[in-house]
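These are the residues of each chain, in order.
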Amino acid sequence: MKPTSAPQTYRVKSFGCQMNVYDGERMGELLAERGIVPAPEGEEADLVILNTCHIREKAAEKVYSDIGRLVAAGKEAEAQGGRAPLIAVAGCVAQAEGEEIMARAPAVSIVVGPQAYHRLPEMLDKAQKGERATDTDMPAIAKFDALPQRKKRGPSAFLTVQEGCDKFCTYCVVPYTRGAEISRPFSHLVAEARKLVEAGAKEITLLGQNVNAWAGEDDKGRSVGLGGLIRTLAAIDGLERIRYTTSHPNDMDDDLIAAHGEVAKLMPYLHLPVQAGNDRILKAMNRQHTAESYLKLIERFRAARPDIALSGDFIVGFPGETEAEFQDTLSIVDEVRYAACFSFKYSPRPGTPAATMDGQISAEEMDDRLQRLQQRIAHHQYAFNQASIGKTCQVLVERTGRHPGQWLGKSPWLQSVWFEAPAAIGDLVEVDLAEAGPNSLKGLVRQTVSV
Ligand code: 5AD
Ligand code: SF4
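So, a few notes on the structure that sits alongside this text. Note that the coordinates shown come from a computational prediction; the quantities given were computed from them, not determined experimentally.

**Some points on the sheet that holds strand S13 (residues 241–245)**
Move 1: Spatial ordering of the open sheet is given by S7-S10-S13, a layout of three strands whose pairing is parallel. What marks the edges here is a single partner per strand, and that holds for strand S7 (156–160) and S13. Here the strands of the sheet are splayed against their neighbours by 25 degrees on average, with no regard to which way each runs.
Move 2: Relative to strand S10 (residues 203–207), S7 runs parallel, the two being bridged by five bridges. Paired with Ala-157 across the bridge in S10 is Ile-204.

This is the structure:
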């Protein structure tokens, strides 16, 4: 590799989950400390970070096609007297396939795993000298201590409180790419949340692969779970909304459920994946819960907060899934009446137990099941939106809408709501929900609560 001058601009392209979005922001903050700024919209960056996702095959494939595109654009730039960008691959594909990327893609200068990106600046030094740098160590907690202070962002911010997973669902790569469950300390999280609010955040979404497995000690040395952390964060002036994602049914405790009924700032929304509705499949997935225990849990949330909106993740076509077993997934969707869902075709991941199980389902069958499932999910999402008509709620304004004079924000139930009235990003606007579509609602403004 040729030595190259210091990059002045960067672009982070994050794929996959919200934790990658958070990591991408933090990498940007690290680069900002070196005076490297985001590339202006429409311009090529000197440093491109592909912050990758390994959860499904499609997500992983995108990396190589993106590298190919960057190499071609770089050649063109060089032919015109410009420079080719430095390419870094971060995230879970970097963690899982670092060596392969280095071998397959000579244009890549840096491969950095999700637990090592605090060392990006040193790696950049190496890359500038023309050397290639790989770091896929997993000293999870070191990263956060080495990162700079949070910078100004939009009204809605992410805060990673927990990383990793010990659950080992048989289809999933996360325990291998993100490592074991680890909780960030209480005091660090409270401090980071305060900084985010000082920087303008009105809403904080607490993130973790198993966010409700978070555990720590409060400032009086008492053991607390996620519910306790949420209660403390709710006392921060200027913070208006708290959310958290993604939870595992087995890590739910009484205090977190109770918090939904007691903490006004905790939004009435819960993302609680069930993955499938059939107990044999759930067992083969090593989910460690049944359809019934999941439904009982949902009942408890509804008792604590009757208007809670539920969301879930589903996988169709897990190895050996019969049509009758798939029907159980459709049934659980009907039973829960989700407000929103993510649904995926099973994708065999190298090194996971399910990848070598008998009874892999054909692509056609998976397509068919996914389509039927998504129809059912869409039906309930639309019904949930329609049932919201007539409610009055606050909308946190996130951006301008499609047409001039329109603004777009989120309801407490995480629905997209648009309205036409004078407003600004970050306003909390009180609206009457007047019309519902499958994916958004129209609000009529009552008043702007805070500016
Ligand atoms: N194939 C398809 N979907 C998967 N997910 C995780 N692993 C796989 C896989 N191998 C889905 C699960 C999880 C979400 C983040 O991605 O539904 O909850
Ligand atoms: Fe993957 Fe299961 Fe862990 Fe979720 S709980 S990250 S699906 S192993």
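So much for the structure itself; the text now carries on.
**Some thoughts on the pairing of strand S16 (residues 340–345)**
Move 1: As paired strands, strand S15 (residues 309–316) and S16 are joined by six bridges and run parallel to one another. Of the residues in S16, the one forming a bridge with Ile-315 is Phe-344.
Move 2: A crossover links S15 with its parallel partner S16, the connecting element being helix H12 (residues 323–336), and its sense is right-handed.

**Quick notes on the site of ligand 1**
Move 1: Taken together, Ile-55, Arg-56, Tyr-171, Gln-275, Asp-313, Ile-315, Phe-344, Lys-345, Tyr-346, Ser-347 and Arg-349 make up all the residues around ligand 1.
Move 2: Contact distances for ligand 1 include 2.9 Å between a nitrogen atom and a backbone N or O atom of Tyr-171.
Move 3: Here a nitrogen atom of ligand 1 and a backbone polar atom of Ser-347 are 2.8 Å apart.
Move 4: Every element with two or more residues in the shell around ligand 1 is listed here: S15 and S16.
Move 5: Of the residues contributing to the shell around ligand 1, the split by class is five nonpolar, two polar and four charged.

**Observations concerning the site of ligand 2**
Move 1: Neighbouring residues of ligand 2: Cys-165, Lys-167, Phe-168, Cys-169, Tyr-171, Cys-172, Val-174, Pro-175, Asn-210, His-248 and Arg-287.
Move 2: Of the residues assigned to the shell around ligand 2, the class counts are seven nonpolar, two polar and two charged.

**What about helix H3 (residues 91–104)?**
Helical geometry note: an α-helix holds 3.6 residues per turn, so side chains three or four residues apart project in the same direction.
Move 1: Along its length, H3 shows its largest kink, about 90 degrees, at Glu-97.
Move 2: All buried positions along H3 are accounted for by Gly-91, Cys-92, Val-93, Ala-94, Gln-95, Glu-97, Gly-98, Ile-101 and Met-102.

**Considerations on the nonpolar core**
Move 1: Counting 93 residues, the largest nonpolar core has Leu-206, Leu-226 and Tyr-244 as its most contacted members.
Move 2: Discounting residues that sit within four places of it in the chain, Leu-226 has contacts with Val-161, Leu-206, Val-211, Asn-212, Trp-214, Tyr-244 and Leu-256.
Move 3: Residues Leu-50, Tyr-64, Val-89 and Ala-105 belong to the second largest nonpolar core, which totals 21 residues.

**Notes on the state of the cysteines**
Move 1: As enumerated under the stated definition, the model contains zero disulfides in all.
Move 2: There is no disulfide at Cys-17, and the cysteine sulfur nearest it, in Cys-53, is 6.4 Å away.

**Brief notes about the sheet that holds S16**
Move 1: One open sheet accounts for three strands, arranged S14-S15-S16; its pairing is parallel. Each edge of the open sheet is held by one strand with a lone partner, namely strand S14 (269–271) and S16. Between one strand axis and the next, the sheet turns through 10 degrees on average, direction left out of account.
Move 2: Sheet contacts for helix H13 (residues 363–387): S15 and S16; angle to S16, the most-contacted strand, approximately 175 degrees.

**Points about unusual backbone geometry**
Peptide bonds are trans in most cases, and residues, glycine excluded, mostly fall at negative phi.
Move 1: The peptide bond linking Thr-245 to Thr-246 adopts the cis configuration, its omega dihedral lying at 5 degrees.
Move 2: By the secondary structure assignment, Thr-246 is in the loop between S13 and helix H9 (254–262).
Move 3: Positioned with a positive phi, Leu-414 is a non-glycine residue whose angle comes to about 65 degrees.
Move 4: Inspection of the secondary structure assignment puts Leu-414 in the loop between strand S18 (406–410) and strand S19 (416–420).

**Notes on the pattern of salt bridges**
Move 1: Counted by the stated rule, this structure contains 37 salt bridges.
Move 2: Close ionic contact of Asp-218 with Arg-222 constitutes a salt bridge, the shortest N to O distance being 2.9 Å.
Move 3: Lys-410 serves as the salt-bridge partner of Glu-398, at 3.3 Å between the closest nitrogen and oxygen. Residue Glu-398 is found in strand S17 (residues 392–400), and its partner Lys-410 is found in strand S18; the two are separated by twelve residues along the sequence.
Move 4: Take Glu-398: its relative accessible area is 26%, and that puts it in the partly exposed class.
Move 5: The network of salt bridges with shared partners includes Glu-25, Arg-26, Glu-29, Arg-150, Arg-184 and Glu-192.

Rules used in this analysis
Residues numbered from 1 in each chain as written. Chains lettered and ligands numbered in written order. Predicted model: local features only at pLDDT ≥ 70, side-chain atom pairs only at ≥ 80, totals over all residues. Heavy atoms only, no water. Pairing = 2+ DSSP bridges. Helix = DSSP H or I, 4+ residues; strand = E, 2+ residues; numbered from the N terminus. Axes fitted to C-alpha atoms, helices over the stretch in contact; angles between N-to-C directions. Right-handed = clockwise from strand over helix to strand, strands pointing away. Near = heavy atom within 4 Å. Polar contact = N/O pair within 3.5 Å; in protein donor to acceptor, adjacent residues only side chain to side chain. Nonpolar A, V, L, I, M, F, W, Y, C, P; charged D, E, K, R; others polar. Bend = angle between axes of the 7 residues up to and from the residue. Buried < 20%, exposed > 50% of the residue type's maximum accessible area, 1.4 Å probe, protein only. Core = buried A, V, L, I, M, F, W, Y, C linked by side-chain atoms within 4.5 Å. Contact = heavy atoms within 4.5 Å. Disulfide = S-S within 2.5 Å. Salt bridge = Lys/Arg side-chain N within 4 Å of Asp/Glu carboxyl O.

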